[in-house]
Structure formats: structure tokens, C-alpha cells
Amino acid sequence: MAECVTRVELSVSCQNLLDRDLGSRSDPLCVLLQEAGGGRWAELDRTERIKNCQSPEFCKKLVVDYYFEKVQKLKFGVYDIDNKSFDLSDDDYLGGIECTLGQVVSSAVLTRPLELKQGKPAGKGTITISAEEVKDTRVVCLEIEAQNLDKKDFLGKSDPFLEFHKQSDAGTWQLVYRSEVIKNCLNPCWRKFSVPLQTFCGGDFNKPIKVQCADHDSDGSHDLIGMFETNLTQLQKASDNSLVEFECIHPEKKQKKKSYKNSGIIRIKSCKIETEYSFLDYVMGGCQINFTVGVDFTGSNGDPKSPDSLHYISPDGINEYLIAIWSVGSVVQDYDTDKLFPAFGFGAQVPPSWQVSHEFALNFNPSNPYCQGIQGIVDAYRQILPQIRLYGPTNFSPIINHVARFAAHSVQQGTASQYFVLLIITDGEITDLDQTRQAVVNASKLPMSIIIVGVGEADFKAMEFLDGDNGVLKSLTGEPAARDIVQFVPFRQFKNAPQEALSQVVLAEVPKQLVSYYKWQGWPPVKLREAK
């Protein structure tokens, strides 16, 4: 494994973006891509979308692992987002730049003109990127409310939100957090939030922090209610039995009116410093990743003896199913000490009774479905193909529930010691979508992730629905998933890409999903690494 030297946090702002919206200004979002080889780009991260703004300062930081020994080619793309879909291909492109992470890191602040394509400027649009090394794993957790804020809206009260800015070494203010908007309320209570300590104040508890409270306007022209300056040392005085209060002051009103007191009171209900653990903290702390494979043997794959079948093994010994098993398995196996992987098939008629089964062991040994290493899964797959009849329907829920039972059992230990990754490789539409939705929602409360690789040319709409990128997945009864645990990738996008490209994209979400589960449970790594 390449040793990641450090993590880098990128702050992005833009000036003078093109205007693509009729009657209003653009709603920009910035996406960060990294070259994944073979002319392909893989998305690493994206900012929030800011409505009606030509010169946005994005609040969400883009986090990149920095490998000193690699040239990491990056592409920043700015889009005008006018819909809820995660896919950016249907959104207007406002321009982008290509550079290397080395260029960003070495120039502290990088400002470049945006281009629609090489050599074609995007109007007067520019992008500014600044980099900061993430050295501290602590986070600042804050709960804040306000009282008696000024009324700013002619027909209503105010729609207040907060912005926190830290002072840079050069004296300029940099946005570190923007809260949600609370509609029509002069005594708002914002939801609890956390910001990495590094982002919040660079780890300096006395660094000036400017807090602004403003009234949100949908056209982007927000009105300042008031502001104050503080630092983390002062904020930390807040505890369960004593709130810290700040007067919210509007500078112009204070100058004009002698009788002016304030524009409301901002109250810090609690301010705590907590430690945020990384994926490596958990893995190096003894967390085992258990890998299970589920293979689709339904009739729609075609007769395995026919060269146009997805299960046909070519003269060089491969097909799309085998490539997916190899490329994903070869990465995951490094995190599992016993290298024993359960592997199952579904949707086939199985001897001797020729009943359709939706979770049969690939090695035909239900009491011990484990294969030795990835090669063991491949061997079992090759041996079973001529012995079964491809049939149907395509039911996912049995195999998801099978792995979930093991994950539920491991939870009883109450430690971050076991995490489960299920790889399902399939050629098409799910028959038991409602049961699968329920199975995924149940599994979202367990230490597991589900990766679905779609092979062949089918329409994979249902898979994209399960991958909660377009909004939170809900069960049929309306229960939302506790976390987004499904990652769907169509194999056809990787036909001509290098083998590692598939595993990089497929596994990109797993570290975040693992950390999010243990954070939700409040479980630290089993063995804490020595602080360097």
C-alpha cells in the first residue's frame, strides 16, 4: 500500500462566474476529480451548492490524501445545479481547471482563470484554491441558539443563519462553517454541528473567530443582522449548566443610534472538543474487514456455454464477473487476516433437487461456505458454472440479510472489531426491490457496506435508487436508512480502464462508511495508535 503522507484540505472560492439561469443567478457547486488512469477521472469530493451567487465562497472543504511520490492530477469543475440528481451531466458547466495537487500545495493560494475547454475562457470567471494540511484529528462540536434577533423581513420575521470565519495569518477572514437557515424565527435554535479543529481555528484556541448572523434571502442578497468576535477559549466556557452569551452587533446601527443596544443575543449552549478517528485508526487498531461475494446466476445472463453470455469464460479465462471479483477482492483481502471469504450464488436451480436458491454456497458446502483467498472464490465459481441451471428471479434480500445476521452478531461485542463488505455482481433488475429496500435500511444500522457491480448492458435504474446519492433511501414503510451504505457501479464504464480503476471507484466510499458507523455508535478503535 502506498503510504499516504498527509491529508490536505482544500478551500475553494470563485469570482465572476458565468450566468446560466434565466431571471436569476447561477447556483454553483464545485466538484473535485482525480485522474484514475487511462484518461478517466474519478470524483473525490464536491462542495455544497450555493444558490443565486456569481462569486461563491464554498463552506465545505474538499479533502484529498496527498501522496508525495505520485503526480496527482486534479480537475476542479464548477457547475450550475438546477435539479436534485447527483449526476452532473445534465447541469450547465461554468468552467474548470486542471492542475496537480503538488502545484496547489506548493503555492499556498492558487488563483486561475476558469476554462470551458482548453484555451476557451469561461468569461471572466476565476477559481481560487487554498490548501491546508490536516494534522489534527480533533473536532469542535457546538450547539447554538439566539434570542430577540432583529426583524428583517417586511412581511415576516427573519430567516436567520450563522457563518463562522477564522482569521488567516495574513489577516483576511476565511469561511469555516455556515449553518442551516431557520425560517421566520427571531429565537432560533440551530442544530448541533461539528467542524474539524484544524478548519475552525488552525488548532490555535486564541485565534480570532468572527461570527455573523444574517437574514437569508432567496435571491442571494442576505441582510446582516449582527456579528461578534470571539475565540475558541471563550466558546469553551459553555457547559451544560452555564451558557456563554454574546451580543449580536450591527456596526452601522451602532454608529447611527446612541440608544442602540444590540440586534439580539447569541447563546453558546455547549462547546466540546472531541477526537475524530480515521479509517486507518480503526484498521490499524485491529478492525477486520470481512468480505463476502454474491454472484447473480439468473437466466438473463444467457447460457454460459454461449460466447454472448455474461457467464461465458473466454479462452483467456476471464469474464466480467471474474474481473469484478478479482479487482475488488484483491484490495479488500489485505484487510482480512484469515483470508477466508464466504461466496454465494443466487437465482439458479441447484442440484440435486433443482430448487431455485437465492443463497447457495459456491463451493456447495452450506455449513462452510468459505473460500481460501480470492483465488478460492474464482476456482469455486469456475467449478459450479457447469453444474447449475441459470433461472430466476433476481432476489437480493436473502444474501443481504445473510451477511446482516453476521454483522448483527458482531455488534454484541460492542467494539470496532468487525466490519462487513458485501459485493453483489448482477446483470439486471431486482425482482424483490421492496424487500431489498427494507434489507438495506436494516443493514444501515449495522457495521456493513454493500457494493453492487452491474455487468452487461441492462438498465440499472433500481441500483442507482438503492445507492442513496440522490437522497436518503427509505423502506416501503418510510423508514430512512441510518447511513448511506450502498455503492453502485456499472462495469461498462470500466471496460477499457486499467484494472485498479474499478476497485478505486467501487471501494472509495467504504472507508467513510466504516468511520461513519463507528462514529454513530461512539466506538473508538480497539487499540489506539500511539500519538506521533
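Residues numbered from 1 in each chain as written. Predicted model: local features only at pLDDT ≥ 70, side-chain atom pairs only at ≥ 80, totals over all residues. Heavy atoms only, no water.

**Let's talk about the pairing of strand β2 (residues 28-37)**
Regular strands have side chains that alternate between both faces of the sheet.
Part 1 of the reasoning: Of all 10 residues making up β2, eight are buried, and the element is well covered by its neighbours.
Part 2 of the reasoning: Where β2 lies against strand β5 (residues 73-80), seven bridges are found, and the strand directions are antiparallel. Bridge pairing in β5 places Leu 32 opposite Phe 76.
Part 3 of the reasoning: The antiparallel hairpin formed by β2 and strand β3 (residues 40-46) contains two residues in its connecting segment, where Gly 38 sits at a positive phi of about 65°. (Buried < 20%, exposed > 50% of the residue type's maximum accessible area, 1.4 Å probe, protein only. Helix = DSSP H or I, 4+ residues; strand = E, 2+ residues; numbered from the N terminus. Pairing = 2+ DSSP bridges.)

**A closer look at the layout of surface pockets**
Part 1 of the reasoning: Considering only enclosed or pocket space, the second largest pocket measures out at about 650 Å³ in volume.
Part 2 of the reasoning: Lining the second largest pocket are 32 residues, and of these Val 109, Ser 130, Ser 168, Thr 172 and Gln 174 lie nearest its centre.
Part 3 of the reasoning: When contributions to the lining of the second largest pocket are tallied by element, the ones reaching two or more residues are β1 (6-15), β8 (120-134), β10 (160-167) and β11 (173-178).
Part 4 of the reasoning: Per-element tally for the lining of the second largest pocket: the top contributor is β1, with seven residues. (1 Å grid on protein atoms, 1.4 Å probe; cavity = no way out; pocket = protein on both sides within 12 Å on 5 of 7 lines; lining within 4 Å. Points joined across faces, edges and corners; volume = space filled by probe spheres on them.)

**Some remarks on the nonpolar core**
Part 1 of the reasoning: Counting residues in hydrophobic clusters, the biggest one holds 58 residues, and the most contacted among them are Phe 291, Phe 297, Leu 362, Ile 377, Val 453, Leu 514 and Tyr 518.
Part 2 of the reasoning: Leaving out residues up to four positions away in the same chain, Leu 362 has contacts with Val 295, Phe 297, Ala 343, Phe 344, Gly 345, Ile 377, Ala 380, Tyr 381 and Ile 384.
Part 3 of the reasoning: Core analysis: the next-biggest nonpolar cluster, separate from the first, contains 32 residues, Cys 185, Phe 193, Leu 232 and Ile 266 among them. (Core = buried A, V, L, I, M, F, W, Y, C linked by side-chain atoms within 4.5 Å. Contact = heavy atoms within 4.5 Å.)

**Points about the sheet that holds strand β20 (residues 355-357)**
Part 1 of the reasoning: With antiparallel pairing, the three strands of this open sheet are ordered in space as β20-β19-β23. The two strands at the open ends of the sheet, each matched to only one other strand, are β20 and β23 (389-390).
Part 2 of the reasoning: Examined bridge by bridge, strand β19 (residues 348-350) and β20 share three bridges and lie antiparallel to one another. Note that in β20 the partner of Ala 348 across the bridge is Ser 357.

**Section: the domain arrangement of the chain**
The accessible area lost on association of the parts is a frequent measure of interface size.
Part 1 of the reasoning: Structurally, the chain comprises domain 1 (6-134), domain 2 (138-275) and domain 3 (285-521).
Part 2 of the reasoning: One C-alpha centre belongs to domain 2, the other to domain 3, and the line joining them spans 46 Å. (Domains from an automatic or database assignment.)

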